[in-house]
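Residue-level listing of the chains:
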Amino acid sequence: MAFKSVDQILQADARYAGLVVVDGDGVLPINLAAHHAAVAQIAICGTAPDTVRDAFDRASNLVLYAYFDYDLLVNAEIQGLGAVELALRLRLTGQSSDTLHNLVERARKHGIFPQWSRAQPIDRAQSLVAMRNGLSHGTTDIHTPGMTMIVLEGCAWAIDRAFP
């Protein structure tokens, strides 16, 4: 998508035009209020420090503003995953230069994240690491709002595990 002109800034990204929300009234085209309500449902419930909450809120705001620029969805995921990394650093080490993978493994050893077994369909913590690594080194991927919401939910889960 091209850089928007001033008079286009507050127009919904055209890629939202075909999206719908399902609620008690049936299937409705998504609008800004419905998009905001969906984003607002994903929140940190635990005792995360303000710095982690602020980082997660930046991710949520990016998802919200993606209504006007769809391409911000990937940036929202990167920010959310960064909030997870910050949470684990603060919980486990105070500050360090450990990779997210190493932080996740240390979190497993401390019982913050469950150990994964082949009987589980996915390893939620390792999925976040893979997503972060895939996005942080540059990508041409465009993700859907639904994909981004799943990533943001995973980030909230991880942060709440670190700070219940």
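Not measured: the values here are computed from a predicted model.

Conventions and cut-offs
- Residues numbered from 1 in each chain as written.
- Predicted model: local features only at pLDDT ≥ 70, side-chain atom pairs only at ≥ 80, totals over all residues.
- Heavy atoms only, no water.
- Phe/Tyr/Trp six-rings, centres within 6.5 Å; stacked < 30°, edge-to-face > 60°.
- Helix = DSSP H or I, 4+ residues; strand = E, 2+ residues; numbered from the N terminus.
- Buried < 20%, exposed > 50% of the residue type's maximum accessible area, 1.4 Å probe, protein only.
- pLDDT = per-residue confidence, 0-100.
- Salt bridge = Lys/Arg side-chain N within 4 Å of Asp/Glu carboxyl O.

Participant: Which parts of the structure should I look at to understand the packing of aromatic side chains?
Facilitator: Centre-to-centre distance and the angle between the planes together describe a pair of aromatic rings. On inspection of all chains with the given rule, the structure shows four aromatic pairs. Centre to centre, the rings of Y16 and Y67 are 5.1 Å apart; their planes meet at 55°, and the pair counts as tilted. Pair noted here: Y16 is in the segment before β1 (20-23) and Y67 is in the loop between α2 (50-65) and α3 (72-92), with a separation of 51 residues, a long-range link. By relative accessible area, which is 10% here, Y67 ends up buried.

Participant: How do you make sense of the confidence of the model for the chain when you look at a structure like this?
Facilitator: Low pLDDT means the predicted atomic positions in that stretch should not be read closely. In this model, the chain carries an average pLDDT of 90, and 97% of its residues clear a pLDDT of 70 or more. Model confidence for the chain, summarised as mean pLDDT per element, is weakest for β1 at 73 and strongest for α2 at 98.

Participant: Is there a simple way to explain the environment of N75 in this structure?
Facilitator: By the secondary structure assignment, N75 is in helix α3. Take N75: its relative accessible area is 39%, and that puts it in the partly exposed class.

Participant: How should I be thinking about the pattern of salt bridges in this particular structure?
Facilitator: Working definition: two side chains of opposite charge can pair if their charged atoms are close together. In the structure shown here, the tally under the stated rule is seven salt bridges. Among the salt bridges present, the one from R106 reaches D98, with a minimum N-O distance of 2.8 Å. What makes R106 partly exposed here is its relative accessible area of 25%. Linking R108 and D123 is a salt bridge whose minimum nitrogen-to-oxygen distance equals 2.5 Å. With R108 in helix α4 (residues 100-109) and D123 in the loop between α4 and α5 (124-136), the pair connects residues that are 15 residues apart, well separated along the chain. Members of the salt-bridge network, linked through shared partners, are D13, R15 and D71.

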